[in-house]
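If you want the building blocks of each chain, they are given just below.
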Amino acid sequence: GPGWGEVCLFPTWVRFAHSSDDKSRFPVGRVAMLDSALQLSRGEERGSVLSPDMFLPHIQPHLAIPDEPIPGSGLLQYGDQTSKILQFATSLDESKPEVCRLLRGRVGTWVQDMETYAQAAQYGTTLWHQLGKAERFFREKVDKGETGGLQFRPSTTYKWTESIYSSCNMPLVSKEGMCSVLETMGIRRLFILGDSLNESLGLSLWMMLLTGEDSPRQSNGFRYAITCESGYEFVLQYTRNDELLENDQPVDMDNQVKNCKNYCYPWTAKYMRDPTRTILIANTGAHLKEPNTFRMAVDNFIDTFDSLDRRNDIVLFRSLVPGHKNCNREGLAPFANFQEYLLAASKETTKHTYNWSMFASYNDYVARTLERRKLNEGKNKRQARMEFVDVFPMTVLRVDGHAADEFIAPGTKITDCLHYSMPGPVDWWSHLTFNHIRDIQAS
């Protein structure tokens, strides 16, 4: 079968009719075709293979994809595509880390686990950041007996379970596990760069790796050294930069002084100050409403990083995740499948979603850009490894747990259906990132 690069770039454009209205048709992404081929190999009917819950929309949802191949485009008809990918899908060895790294977190369900996971998901100390307000408020109500018997916010009780690639289920991140992996790899720093969504990833890692330490409050960044039981040390660091843009203009979050569309604190000097091997986890896009602006930001970041000549470092680019309209409804639970998410998203407008509908196409651009960079590596000087960590497929199912949900704390913005309260779904970004790093180390 084809190699990984060919599968990732293979033009698997097909259409699925949700109704007789052409406007309701959605194109299907690359990995969905892989899943379709795999299910075909297991003897399932074509109707079940094309169920919308298998769709992973890493292409622009508004593109009009022709039923027939475009002359000279290299596109194959649906049957030809499925047949070729089937050859590869049936040869997958899920026990190999390099396989799970590309499949994990894409096809599965959220399962409520009150017996073991719910307790394990709670932080050992208090999160003092604003994203911890709902949890602090909830704990006060528990102590007063005002939660109707609930001991945990429901959004903290769901765990991700792989439904096809069962060998790729995620061990949860822990200080012991992270220490072991980073020490083996010689990694001395986790450097998180991006906007407030990536800040939540940094906070999640802080709460799980630094139990016992006071958490950061809202700020433009933090840096903390972590000592492992073996004596090995590494640093967890975060810098706020909404566009991954480096400039010398004044910036001050406290006084709302912006040097880009929002806040772009300088990061390259901080990054280069520490010469030890680093994993940089980056993200941008939530504040960039124009596709061309987003593409320029991604390209500029890659060029900037390559100019630093940090060839032994690793860059992980986290995918964008949209919010969910009306997240304050009572009794919300994760969507059962992707079809439910699509149905809900189809009723939203740009006015309500701040261009959330563009995030899938933004993710596709990053995935393709990193793949092209990887394929061109042999033609250029040796480059640092850059990979895509895709939290989109599992997170879009989490309509529950947002900062403005039914457990909202007093003083929280009532329209914040983008950020998640913590603990909650964002912790699975940490678990997925940890397992991605673990797979790199193992392979």
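For clarity, every value in this text was computed on a predicted model and none was experimentally measured. (Residues numbered from 1 in each chain as written. Predicted model: local features only at pLDDT ≥ 70, side-chain atom pairs only at ≥ 80, totals over all residues. Heavy atoms only, no water.)

Engineer: Explain the overall build of the chain here, please?
Structural biologist: Assigned secondary structure in the chain consists of 16 helices and 10 strands. Residues counted as buried form 55% of the 443 residues belonging to the chain. Put simply, of all contacts in the chain between residues at least 6 apart along the chain, 76% involve residues at least 24 apart. When the accessible surface of the chain is summed, it comes to about 19400 Å², and 48% of that surface belongs to carbon and sulfur atoms. (Helix = DSSP H or I, 4+ residues; strand = E, 2+ residues; numbered from the N terminus. Buried < 20%, exposed > 50% of the residue type's maximum accessible area, 1.4 Å probe, protein only. Contact = heavy atoms within 4.5 Å. Areas by Shrake-Rupley, 256 points an atom, 1.4 Å probe, with all protein chains shown as cover.)

Engineer: Whenever I open this one, the sheet that holds strand 7 (residues 233-240) confuses me. Can you help?
Structural biologist: What holds strands together in a sheet is hydrogen bonding between their backbones, with the strands either parallel or antiparallel. With mixed pairing, six strands are arranged side by side in an open sheet as 6-7-5-8-9-10. Of all strands in the sheet, those with a lone pairing partner are strand 6 (221-227) and strand 10 (385-389), marking the two edges. Recorded for the sheet is a direction-independent mean angle of 15° between the axes of neighbouring strands. On top of the sheet, helix 9 (residues 196-209) reaches strand 5 (189-194), strand 6, strand 7, strand 8 (278-282) and strand 9 (314-318); it is set at about 155° to strand 7, its chief contact. Each of strand 9 and strand 10 touches helix 14 (residues 359-375); the most contacted strand, strand 10, lies at about 155° to it. (Pairing = 2+ DSSP bridges. Axes fitted to C-alpha atoms, helices over the stretch in contact; angles between N-to-C directions.)

Engineer: Which parts of the structure should I look at to understand the side chain of Gln-383?
Structural biologist: Relative to the assigned elements, Gln-383 resides in the loop between helix 14 and strand 10. By relative accessible area, which is 14% here, Gln-383 ends up buried. Only 3.4 Å separates the side chain of Gln-383 from the backbone oxygen of Arg-373, close enough to count as a polar contact. (Polar contact = N/O pair within 3.5 Å; in protein donor to acceptor, adjacent residues only side chain to side chain.)

Engineer: Would you explain helix 8 (residues 175-185) in this entry?
Structural biologist: Of the positions making up helix 8, those classed as buried are Gly-177, Met-178, Cys-179, Val-181, Leu-182 and Met-185. Elements that come into contact with the buried residues of helix 8 comprise strand 5, helix 9, strand 7, strand 8, strand 9 and helix 16 (427-442). In the segment just after helix 8, Gly-186 is the residue with positive phi, at about 75°.

Engineer: Just to check I follow, could you spell out the state of the cysteines for this structure?
Structural biologist: Such a bond, covalent and formed between the sulfur atoms of two cysteines, is termed a disulfide. Scanning the model with the defined rule gives four disulfides in all. Between Cys-100 and Cys-168 runs a disulfide, and the two sulfur atoms are separated by 2.0 Å. One quick way to see it: the torsion about the S-S bond of Cys-100 and Cys-168 is about -85°, and its sign makes the bridge left-handed. Pair noted here: Cys-100 is in helix 5 (residues 97-103) and Cys-168 is in the loop between strand 4 (158-162) and helix 8, with a separation of 68 residues, a long-range link. Just as Cys-100 is buried, Cys-168 falls in that class too. (Disulfide = S-S within 2.5 Å.)

Engineer: Honestly, the pattern of salt bridges in this entry has me stumped. Any pointers?
Structural biologist: A side chain with one charge may pair with a side chain of the opposite charge, provided their charged atoms come close. Taken as a whole and assessed by the stated rule, the structure comprises 15 salt bridges. Put simply, Asp-309 and Arg-311 hold a salt bridge, and the shortest N to O gap is 2.7 Å. On the accessibility criterion, Asp-309 (42% relative accessible area) is partly exposed. For Arg-311, a relative accessible area of 33% gives the class partly exposed. The partner of Glu-387 in a salt bridge is Arg-385, with the nearest N and O atoms 2.7 Å apart. Glu-387 gets classed as buried once you look at its relative accessible area, which sits at 13%. It is possible to trace a salt-bridge network through shared partners that takes in Arg-101, Arg-385 and Glu-387. (Salt bridge = Lys/Arg side-chain N within 4 Å of Asp/Glu carboxyl O.)

Engineer: Would you take a moment to explain the packing of aromatic side chains for this structure?
Structural biologist: The geometry of two aromatic rings is summed up by the distance between their centres and the angle between their planes. Going through the model one piece at a time under the given rule, you end up with 16 aromatic pairs. Ring geometry for Trp-110 and Trp-160: centres 5.4 Å apart, planes at 70°, overall edge-to-face. A residue pair is termed long-range when its members are at least 10 positions apart, and Trp-110 in strand 3 (residues 108-112) and Trp-160 in strand 4 qualify at 50 residues. The exposure class of Trp-160 is buried, given its relative accessible area of 4%. Over the ring of Tyr-271 we find Arg-189; its NZ or CZ atom is 4.7 Å from the centre of that ring. Positioned above the aromatic ring of Trp-110, the side-chain terminus of Arg-398 is 4.5 Å from the ring centre. (Phe/Tyr/Trp six-rings, centres within 6.5 Å; stacked < 30°, edge-to-face > 60°. Lys NZ or Arg CZ within 6 Å of the ring centre and 35° of its normal.)

Engineer: Got a minute to help me understand the environment of Arg-310 in this structure?
Structural biologist: Its place among the elements puts Arg-310 in the loop between helix 11 (291-307) and strand 9. With a relative accessible area of 10%, Arg-310 lands in the buried category. Considering only alpha carbons, one finds Arg-310 and Ala-384, 74 residues apart in sequence, at a separation of 6.5 Å. When residues no more than four places from it in sequence are discounted, the contact partners of Arg-310 are Arg-189, Tyr-271, Met-272, Asp-274, Pro-275, Thr-276, Thr-278, Phe-305 and Ala-384. Within polar-contact distance, the side chain of Arg-310 engages the backbone oxygen of Asp-274 at 3.1 Å.

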